[in-house]
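Notes for the structure review
Each chain, written out:
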Amino acid sequence: MTVADELTPETPEGDAEEPIKQRKNGLYPGVSDELAENMKSGWADTELRDLEPVPQAAETAARRAALSARFPGERLVIPAGNLKVRSNDTDYPFRASVEYAYLTGNQTEDGVLVLEPTADGHRETLYLLPRSDRENGEFWLSGQGELWVGRRHSLTEAGKLYGIPASDVRELADALREATGPVRVVRGHDAGIEAALTDKVTAERDEELRVVLSEMRLVKDDFEVAELQKAVDSTVRGFEDVVKVLDKARATSERYIEGTFFLRARVEGNDVGYGTIAAAGPHACTLHWVRNDGPVRSGDLLLLDAGVETHTYYTADVTRTLPVDGRFTEIQKKIYDAVYDAQEAGIAAVQPGAKYRDFHDAAQRVLTERLVEWGLVEGPVERVLELGLQRRWTLHGTGHMPGMDVHDCAAARTETYVDGVLEPGMVLTVEPGLYFQADDLTVPEEYRGIGVRIEDDILVTRDGNRNLSAALPRRSDEVESWMASLQG
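Residues numbered from 1 in each chain as written. Predicted model: local features only at pLDDT ≥ 70, side-chain atom pairs only at ≥ 80, totals over all residues. Heavy atoms only, no water.

Moving on: the overall build of the chain. Counting its secondary structure elements, the chain contains 17 helices and 17 strands. Along the longest, intermediate and shortest principal axes, the C-alpha atoms of the chain span 80 × 55 × 40 Å. Taking contacts inside the chain between residues at least 6 apart in sequence as the whole, the part at least 24 apart equals 68%. As presented, the chain carries roughly 22500 Å² of accessible surface, and 49% of it is formed by carbon and sulfur atoms. A gap of 2 Å separates the mean positions of the 55 positive and 87 negative side-chain charges of the chain. (Helix = DSSP H or I, 4+ residues; strand = E, 2+ residues; numbered from the N terminus. Contact = heavy atoms within 4.5 Å. Areas by Shrake-Rupley, 256 points an atom, 1.4 Å probe, with all protein chains shown as cover. Lys, Arg positive; Asp, Glu negative; His and termini not counted. Charge placed at Lys NZ, Arg CZ, Asp CG, Glu CD.)

Here it is, written out as structure tokens:
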């Protein structure tokens, strides 16, 4: 039993107008006047006065300036979002909206960035919950009070950290209701803020704001590239961790693999960037296998698709397909090497000035050539590609842009993303795969139940590309040697 079992209020945090209610069936029936008075005093001054700005403060300021220039004369409202209930009185771990974190560096719930138009740009205000109120007992009685969930930064501290003047977010909704002039809001994160603006915004204009913020992330700045490299480096160590404990996974299940990688993600980062895919045997043919409850058997392949998310929300996205007992069988190696060759062709096509689609087309051509060569589909290759017949076994696109979302920039216009041109600073995954379902009667039995994907995070540079995840072996013989060295 935790202290939370004893006392949890039902009213929202910070509501000083009404008494903070106790949870039904709490063991304390109430708070005496003497105890309430006692809890108001005798506390040290804990204000932090020597704070330095967050590492990305210069970059977030530049991003806000760029956004301001795109929407002169308009009020822009970007919420962080609110806590979401998991069950009864427990919440999911909070993750701020990408748009908000990208522009501020702040990650706390209920925050809202407001850019208010001025004659020469915008006035920036970061609206946050202040520190818990000690006069009304919020800091120890509220379920989101300081003694329950930890200390929040004061508004003064927040201003120093993020380089933006901070105000009390509890006053924002009323102010927005009185606002005049054009307003845009990033929707889907804070229902209360949206309700305050309901008669001032349109879906079309708000979507345009979301698209612009998504397209701003197409080209990563130096801070973002460094964070992605940090995420990849931790991910490499997580893959090494998994290889070292494959014997324990064989004795339990895929969940041992998931848990092993998660430990690395939580120790070195914020979390995993997405649900880990630890797919052994035929499960590797299910593209997003996240149940991770199946057996890990010698002689099978393990498809591990996982990424560490840094404390600033940047996530790696890496896949390796590994022989559980350290050695590929002949048929596994044949399929694996085909995917490797396709990935090599895809990576080679990642160049500044190239079409975004080029890497996908290059990889798909190699896979199709092998499928025709093996007699699994009737050629010629051009016919198969034109009709998309290879997709029965290749299934998905060959990559996407990672970033603060594993599928970053998702709201960008098609003409600037998949129909666009690669520029230095863009990062994309190259991840071809072949998947032969266990019940696919169109392929020889020896193929069935084998799934292979190889995925790396590729940075477009001025003169070509750089594989951020090159520290993880890819070639089949190198994979075998790498596994042997870790398990030896």
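Here we come to empty space enclosed by the protein. Counted by the stated rule, this structure contains 1 cavity of 30 Å³ or more. In this model, the largest cavity occupies a volume close to 60 Å³. Every residue lining the largest cavity is listed: Q56, R63, A101, Y102, G105, N106, Q107, F223, T312, Y314 and M404. For the lining of the largest cavity, the per-class residue count stands at 5 nonpolar, 5 polar and 1 charged. (1 Å grid on protein atoms, 1.4 Å probe; cavity = no way out; pocket = protein on both sides within 12 Å on 5 of 7 lines; lining within 4 Å. Points joined across faces, edges and corners; volume = space filled by probe spheres on them. Nonpolar A, V, L, I, M, F, W, Y, C, P; charged D, E, K, R; others polar.)

Let us look at the sheet that holds strand 1 (residues 75–79). Ordered in space as 6-5-4-1-7, the 5 strands form an open sheet in which the pairing is mixed. Looking along the sheet, the strands with just one partner apiece sit at the ends: strand 6 (166–168) and strand 7 (183–185). Averaged over all neighbouring strand pairs, the angle between strand axes comes to 25°, with direction disregarded. Across the sheet, helix 9 (residues 203–216) lies against strand 1 and strand 7, angled at about 60° from strand 7, the strand it touches most. (Pairing = 2+ DSSP bridges. Axes fitted to C-alpha atoms, helices over the stretch in contact; angles between N-to-C directions.)

For the rest of this paragraph, the subject is the packing of aromatic side chains. For the structure shown, the criterion picks out 7 aromatic pairs. Between the aromatic rings of Y356 and F359, the centroid separation amounts to 5.3 Å while the plane-to-plane angle is 90°, which identifies the pairing as edge-to-face. Residue Y356 shares its accessibility class with F359, and that shared class is buried. On the basis of an interplanar angle of 70° and a centroid distance of 5.2 Å, the ring pair of F436 and Y447 is categorised as edge-to-face. Of the two residues, F436 is situated in strand 14 (residues 433–436) and Y447 in the loop between strand 14 and strand 15 (450–453); the sequence distance between them amounts to 11 residues. One exposure class covers both F436 and Y447, and it is buried. (Phe/Tyr/Trp six-rings, centres within 6.5 Å; stacked < 30°, edge-to-face > 60°. Buried < 20%, exposed > 50% of the residue type's maximum accessible area, 1.4 Å probe, protein only.)

A volume near 890 Å³ is recorded for the second largest pocket. Lining the second largest pocket are 34 residues, with P93, F94, R95, A96 and S97 positioned closest to its centre. Those elements giving two or more residues to the lining of the second largest pocket turn out to be helix 3 (98–104), helix 9 and strand 8 (271–272). Residue classes in the lining of the second largest pocket are distributed as 12 nonpolar, 10 polar and 12 charged.

For soluble globular proteins, the rule of thumb is that nonpolar side chains tend to be buried together. Core analysis: the largest hydrophobic core is formed by 88 residues, its most contacted members being L67, I257, I335, W374, L434 and F436. Each residue touching F436, except ones within four places of it in the same chain, is listed here: C285, I335, L371, W374, L376, W393, V443, Y447, R448, G449 and I450. (Core = buried A, V, L, I, M, F, W, Y, C linked by side-chain atoms within 4.5 Å.)

Inspection of every chain in the model, using the stated rule, returns 39 salt bridges. For E157, the salt bridge goes to R151, with nearest N and O atoms at 2.7 Å. The exposure class of R151 is partly exposed, given its relative accessible area of 32%. (Salt bridge = Lys/Arg side-chain N within 4 Å of Asp/Glu carboxyl O.)

The next subject is the confidence of the model for the chain. Parts of the model with low pLDDT should not have their predicted coordinates read in detail. Taken as a whole, the chain shows an average pLDDT of 95; of its residues, 96% reach a score of 70 or greater. Note on residues 1–17: pLDDT under 50 across the span, and 41 contacts to partners over four residues away in sequence or across chains. (pLDDT = per-residue confidence, 0-100.)

Bringing helix 14 (residues 358–373) into the picture now. Taking 1.5 Å per residue, 16 residues should reach 22 Å; helix 14 reaches 23 Å between its end C-alpha atoms and fits that length. In this structure, the buried side of helix 14 is in contact with helix 13 (330–348), helix 15 (381–387), helix 16 (391–394), strand 13 (427–430) and strand 14. Of the residues one or two after helix 14, G375 is the one with positive phi, at around 80°. (Expected span 1.5 Å × (residues − 1).)

Before going further, it helps to spend a moment on the environment of Y340. The topology assignment puts Y340 in helix 13. Taking the C-alpha atoms as reference, Y340 lies 9.7 Å from L367; in sequence the two are 27 residues apart. Y340 has contacts with I454, R474 and R475, leaving out every residue within four places of it along the chain.

On to the sheet that holds strand 9 (residues 277–280), then. Reading across the sheet, the 3 strands line up as 9-10-12 and stay open at both edges, with antiparallel pairing between neighbours. In this open sheet, the two strands that pair with only one neighbour each are strand 9 and strand 12 (318–323). Each adjacent strand pair in this sheet contributes to an overall mean axis angle of 10°, direction not counted. Where strand 10 (residues 301–306) meets strand 12, 6 bridges bridge the pair, whose relative direction is antiparallel. Directly across from L304, in strand 12, lies its bridge partner R320.

Time to look at helix 17 (residues 476–487). The end-to-end C-alpha separation of helix 17 is 17 Å, in line with the 16 Å expected for 12 residues at 1.5 Å each. Within helix 17, burial applies to S476, V479, E480, W482 and M483. The buried residues of helix 17 occupy one face: seen down the axis, they fall within an arc of 165°. At its buried positions, helix 17 is contacted by helix 10 (222–244), helix 11 (246–251), strand 12 and helix 13. (Arc of directions from axis to C-beta.)

What follows is about unusual backbone geometry. For the bond from G379 to P380, the omega torsion is 5°, close enough to zero to count as cis. Residue position: P380 is located in the loop between helix 14 and helix 15. Located in the positive-phi region is N25, a residue other than glycine, with phi close to 75°. Secondary-structure assignment places N25 in the segment before helix 1 (33–38). According to the relative accessible area criterion, N25 is exposed, its value standing at 67%. Here D110, not a glycine, exhibits a phi torsion of approximately 75°, which is positive. Counting through the fold element by element, D110 comes out in the loop between helix 3 and strand 4 (112–118).

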